[in-house]
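# Analysis of the macromolecular model
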Amino acid sequence: MKKKTDRRRGLDLSAGLNLAVVAAFTALVLWGIFLVREKILQNTQEMGTSLAESYAAEEQSRIQVYGLLIRLGLSHMDKIAEDGGSREEIQGWLADYDRDLAEILGVRVVDPYAVVDGEILAAAPWGGDGDYAYENTEWYQSASAQAENTIFTDAYQDVITGREMITIARESGKTGNMLAFGVFLDNFYVHKNHANLPERSSFFLFDSSDHMIYSDTDLTGSEKEVEEYTSRLLSQIREGEMESFNASIRDLDGKRRGVYYYEMDNGWISVITIPMDTILQGEVDGIFLFLLGVCLLLLAVVLFTVFRAFLGRERLRRVSDTLTILGDSYYGIYRVNYARGTYETVKSPEDVAARLGAEGDYQELMKVMEELVDEKTIREFKECFSLENIRRLIGEKVYDFGGDYKRMFEDGYRWVNARMIYSHSLGLDEVILCFREVDAEKQLQLKQQMLLESSLEAAKKSARDRSTFFSHVSHDMRTPLNAVIGLSDLALEHENDPGKMGEYLRKIRQAAKQLLSLINDILDISRIEQRGEGAVENRPSDLVRCVEECGEMFVDQARKEEKTLTVSCQVRSRVANCDPFRISQIINNLVSNALKYSGAGASISLTLRQLEHGAEEGKYQIVVEDTGFGMSEEFQKQIFQPFTRETTFTPVTTVGTGLGMPIVKNLVQQMGGEITVRSRLGEGSTFTVTLPLTPADAPEEVTAGEERAFGETAAAGKSISGEAAAAGRLSGEERAGAEITPGEHPLAGKRILVAEDNEINMEIAVEFLTMMGAEVMQAENGQEAVEQFVRSAPGSVDVILMDMQMPVMDGCEASRRIRDMDRPDGRTVIIVAVTANAFAEDVARTREAGMDGHLAKPIDFQALVQLLRTLGESEKGRQPRHPV
């Protein structure tokens, strides 16, 4: 044994020594190559910098030649000026000098021009000489500031030719005249530098403003890519990133290039880049690469030999770590031999570790486990994990089996998961029996299951409620529809009997109103439920005014039915943040019901009060009390359920949709309030609405006519319940104040423009308005309405009835066009919106468009007359309307 150990140690030592030798040799070779490479790069930097300086010197020499030529030319031009030479003589001299320069330089590189006595002269006159503001140019200002010094500008775009150029200029100290050379960049580098660049190298020349004057490069790429590359190159030079001998940049092909540069006295920079493979190719001998390959091969062989054993041990260690990690997830692991009926403990919990020991009979293991299993699952646990069942499962090729059960711990029962796992690939008569605590997961799973069951039950209830709702809707809609169809047939059968015909038509009208009321209620409750909190739009509003106006709407009906209606308000702060439209809707429903379910001589009171004591402070109450028929206790329990009606005997037949009170309760809840009811049969009912409203500052005053128009018609537009529609809207037959008697012409002398795209609706509107004495103009869409108004004489149109949804142009856009017209009646003519969309947002849209009022379809022409009277009374005080 000792010999084997010594041999293993010797092998390990020999392998280690070989590895050390190979590593040392490889390190020396690599270090030598590294030093050679460093020396090559340092030498290349010196060469590149010298080459860049050489190029810069040649550029400097070229610049000096231009400076000498401009000094000689300026001296000669001063002499002509001192001798009294004329403008034409100087112009001629410039032309001769231009030819001389072309002969000297071998090609026409420069374009000479001069500033003499404030006038610019050119050897080759430009088309824009007369308009050229030379005094604002950089070259002129620089030369003037540095008299008797030759200046060189950076590259710029010539305003006349549009070509890139630089300017060389000098001002005379004697005459103040100035001579300048314009050098276009495409001519600047006609004479190539004589210094040769290394293979595949690039040369760039930049001016002091980092503009590239010239480049000699084999870079491939678009103009934009080359520009971005040179900009990045120059930026790194400016920031000092290219000072090191081994500094480099990657070109457009992704290859590294060494960078070498030299800055000239005038701020120009000469830059040369050389590919790194060009720098190193000729210097790195193939022997270095061969040696490096041999060293790497030897190193790979030694590493493979030495580390093969280590890799095997490392693999075993990682497998062991993995099993340990998996084992930590289980509090108990046992290896069970189902053929011999024994077990081996791998891991055991503290409460049974001493009893089970390291190994033992499987029946003893099961006996201990059964003592901890919940009584409800002991029998199932014994059957599932018996040796017979384990053998059966493996025979049926079930290799993973288990389930959850409750196990007793020190602090009580908790959920655990028991699993039997078999590996077919090992072919052993053994399985692994493991136990894991899953109490948190199980509790979450049970909670999710309860939620799912609750959600399923809620969905079933919703489906039942929806079915019931549609059943009620179907019944309540078919009843008036049956009346309309049946009475229509009877009317056709009695065309020659005016008495019966009139009776049938009145009943058809009553059934249609009942159907409209039902539709309005259904839409309203659907909209409230869909929008949720958005159904209420709070703003500072006068509560007293809101309540009083609602009460006024029912005064005529109460008087006609010989009932008494009183309104009282007891508040300290009459202005609060609330939704006056929704509050009006609540009051209209309650007061309408009080009138409906009471007999002649009954008293109805509407009271607003502000609570000021205890926990109720800051709340408002609206109380509607009547001495009517009252309600049974059974009905009071379900009064706020849709389609519920009082079935107990009362002196009147039950009417209405049964949606009014659900709408009221929904609105009250949306406002964060509550509603209570107290009633006894034969004594009357009291409804109390408590709302948590915050007192606010008085709202901004608006024109009385506008506020009243939008207040009353918006209440109708908010789709008040069917019960309230008959009494609360201006369209009710009971509203005596708005009743029109036969032969009366309330709209006589009025010229009304009607914009309506539906032919039947247009026919009805024209007929009714004409019967009321109005002259009617017809428009099929908003665009036609605008055109007719434009053609009409100013002030000739009194009212515009504007449908909201029309082809070509809708009503809101047409109203904006009319309000924006440059004519006095464009902003004062009364515009009333007419639409089937009778909700608050539609009212807001019409007001934003500059309309004065809003009526919901079908049009109640008595309500229209009342609205026009209201707007007419306030017309003098109204301000011109503007669209928002």
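Residues numbered from 1 in each chain as written. Predicted model: local features only at pLDDT ≥ 70, side-chain atom pairs only at ≥ 80, totals over all residues. Heavy atoms only, no water.

Moving on: the overall build of the chain. The helix and strand inventory of the chain stands at 24 helices and 30 strands. Long-range pairs, those at least 24 residues apart, make up 64% of the contacts in the chain with a sequence separation of at least 6. Carbon and sulfur atoms form 52% of the exposed surface of the chain, whose accessible area is close to 47300 Å². (Helix = DSSP H or I, 4+ residues; strand = E, 2+ residues; numbered from the N terminus. Contact = heavy atoms within 4.5 Å. Areas by Shrake-Rupley, 256 points an atom, 1.4 Å probe, with all protein chains shown as cover.)

Turning our eyes to something else, we now look at the pattern of salt bridges. Under the defined criterion, the tally for this structure stands at 28 salt bridges. A salt bridge links R392 to E396; its shortest N-O distance comes to 3.1 Å. A salt bridge links D542 to R574, with the shortest nitrogen-to-oxygen separation between them at 3.1 Å. With D542 in strand 18 (residues 539-542) and R574 in the loop between strand 19 (564-570) and strand 20 (575-578), this pair connects stretches of sequence that are 32 residues apart. With relative accessibility at 22%, the residue D542 sits in the partly exposed group. Since its relative accessible area comes to 38%, R574 is described here as partly exposed. (Salt bridge = Lys/Arg side-chain N within 4 Å of Asp/Glu carboxyl O. Buried < 20%, exposed > 50% of the residue type's maximum accessible area, 1.4 Å probe, protein only.)

Before going further, it helps to spend a moment on the environment of G773. With respect to the helices and strands, the residue G773 is situated in the loop between helix 20 (759-771) and strand 27 (775-779). G773 sits 24 residues away from G749 along the chain, and the two C-alpha atoms are 6.8 Å apart. Contacts of G773, omitting those with residues within four sequence positions, involve H745, L747, A748 and G749.

Closest axis-to-axis distance for the helix 14 (residues 543-560)/helix 15 (residues 580-596) pair is 10 Å, and the angle between their directions is 30°. In terms of orientation, helix 14 and helix 15 fall into the roughly parallel class. For the pair helix 14 and helix 15, the crossing hand works out as right-handed. When helix 14 is examined against helix 15, the residues L543, C546, V547, C550, M553, F554, Q557 and A558 are found in contact with a partner set consisting of P580, I583, S584, I587, N588, V591, S592 and L595. Looking at the contact of helix 14 with helix 15 residue by residue, the classes come out as twelve nonpolar, four polar and no charged. (Axes fitted to C-alpha atoms, helices over the stretch in contact; angles between N-to-C directions. Parallel < 35°, antiparallel > 145°, perpendicular 65-115°, else oblique. Left-handed = near helix turned anticlockwise from the far one by under 90°. Nonpolar A, V, L, I, M, F, W, Y, C, P; charged D, E, K, R; others polar.)

This paragraph deals with the sheet that holds strand 9 (residues 248-250). Taking strand neighbours across the sheet as the criterion, the five strands line up as 8-7-11-10-9 in an open arrangement whose pairing is antiparallel. Looking at the sheet topology across the chains shown, the edges are occupied by strand 8 (212-216) and strand 9. Across the sheet, the axes of successive neighbouring strands diverge by a mean angle of 25°, strand direction being ignored. Across five bridges, strand 7 (residues 202-206) lies against strand 11 (residues 269-275) in antiparallel orientation. Across the sheet, the residue bridging to F203 is I272, located in strand 11. (Pairing = 2+ DSSP bridges.)

Within the element layout of this structure, V226 appears in helix 5 (residues 223-238). With 26 residues separating them along the chain, V226 and L252 place their C-alpha atoms 7.7 Å apart. Sequence-distant contacts of V226, defined by excluding residues within four places in its chain, comprise G221 and L252.

What follows deals with a negative patch on the surface. On the surface, D757, E759, E763, E767 and E780 cluster together into a negatively charged patch. Along the chain, E780 falls in the loop between strand 27 and helix 21 (782-791). In this structure E780 comes out as exposed when scored by relative accessible area, which is 54%. (Patch = residues over 30% accessible without salt bridge, like charges linked within 9 Å, V, L, I, M, F, W, Y side chains within 5 Å. Lys, Arg positive; Asp, Glu negative; His and termini not counted. Charge placed at Lys NZ, Arg CZ, Asp CG, Glu CD.)

This part covers the packing of aromatic side chains. In this structure the tally under the stated criterion is 16 aromatic pairs. On the numbers, 5.0 Å between centres and 75° between planes, the contact of Y134 with Y140 is edge-to-face. Three or more aromatic residues joined by ring pairs form one cluster here, namely Y331, Y334, Y343, F409 and F435. The cationic tip of K442 hangs over the ring face of W415; the distance from NZ or CZ to the ring centre is 4.9 Å. (Phe/Tyr/Trp six-rings, centres within 6.5 Å; stacked < 30°, edge-to-face > 60°. Lys NZ or Arg CZ within 6 Å of the ring centre and 35° of its normal.)

M77, V110, L179 and F181 are the most contacted members of the largest nonpolar core, which totals 44 residues. When residues of this core are assigned to their parent elements, the largest contribution, 13 residues, is made by helix 1 (residues 2-82). In this structure, V110 is in contact with Y66, D98, L101, L105, F181, G182 and V183, ignoring residues within four places of it in sequence. Listed in part, the 40 residues of the second largest apolar core include V536, V591, I622 and V624. (Core = buried A, V, L, I, M, F, W, Y, C linked by side-chain atoms within 4.5 Å.)

Further remarks concern unusual backbone geometry. With an omega of -5°, the peptide bond between K857 and P858 qualifies as cis. Looking at where P858 falls in the secondary structure, it is placed in the loop between strand 30 (853-856) and helix 24 (861-873). Its identity is not glycine, yet E148 carries a phi of approximately 65°, on the positive side. Following the sequence through the fold, E148 ends up in the loop between helix 3 (138-145) and strand 3 (151-152).

What follows covers helix 22 (residues 811-819). Along helix 22, the positions that sit buried rather than exposed are G811, C812, A814, S815, I818 and R819. Taken down its axis, helix 22 places every buried residue within 160° of arc, on the same side. Capping the start of helix 22, D810 holds a side-chain oxygen 3.3 Å from the backbone nitrogen of C812, two or three residues further along. (Arc of directions from axis to C-beta. Polar contact = N/O pair within 3.5 Å; in protein donor to acceptor, adjacent residues only side chain to side chain.)

Here we come to the packing of helix 21 against helix 22. Viewed as axis vectors pointing N to C, helix 21 and helix 22 meet at an angle of 20°, and their least axial separation amounts to 8 Å. Taken together, the axes of helix 21 and helix 22 lie roughly parallel to each other. Classified by chirality, the crossing of helix 22 by helix 21 is right-handed. Residues G782, Q783, V786 and F789 of helix 21 form the contact with helix 22, whose participating residues are A814, R817 and I818.

Time to look at the UniProt feature "modified residue: 4-aspartylphosphate" (unreviewed entry) in the chain. If you check UniProt for "modified residue: 4-aspartylphosphate" (unreviewed entry), the listed places come out as D803 in our numbering. Mapped onto the elements of the fold, D803 is located in strand 28 (residues 799-803). What D803 contacts, discounting residues up to four positions off in sequence, is A755, E756, D757, G811, V834, T835 and K857. (UniProt positions renumbered as here; feature names shortened; annotations may be inferred.)

For the rest of this paragraph, the subject is the sheet that holds strand 21 (residues 603-610). The mixed open sheet is built from five strands, whose spatial order is 19-21-22-24-23. With one partner strand each, in any of the chains shown, strand 19 and strand 23 (674-680) form the two edges of the open sheet. Sheet twist, expressed as the mean angle between neighbouring strand axes with direction ignored, is 10°. In this sheet, strand 24 (residues 684-691) lies alongside strand 23 in antiparallel orientation, the contact comprising seven bridges. Following the sheet pairing, V677 is matched in strand 24 by F687. In this fold helix 15 packs onto strand 21, strand 22 (620-626) and strand 24, with an angle of close to 15° to the strand it touches most, strand 22. Strands in contact with helix 17 (residues 660-670) are strand 23 and strand 24; relative to strand 23, the strand with the most contacts, it is inclined by about 140°.

For the rest of this paragraph, the subject is the confidence of the model for the chain. Of the residues in the chain, 78% reach a pLDDT of 70 or more, and the chain-wide mean stands at 79. Below pLDDT 50 for its whole length, residues 1-5 participates in zero contacts with residues either more than four positions away or in separate chains. Within the model, the stretch residues 701-738 combines pLDDT values under 50 with 120 contacts to residues more than four positions away or in other chains. (pLDDT = per-residue confidence, 0-100.)

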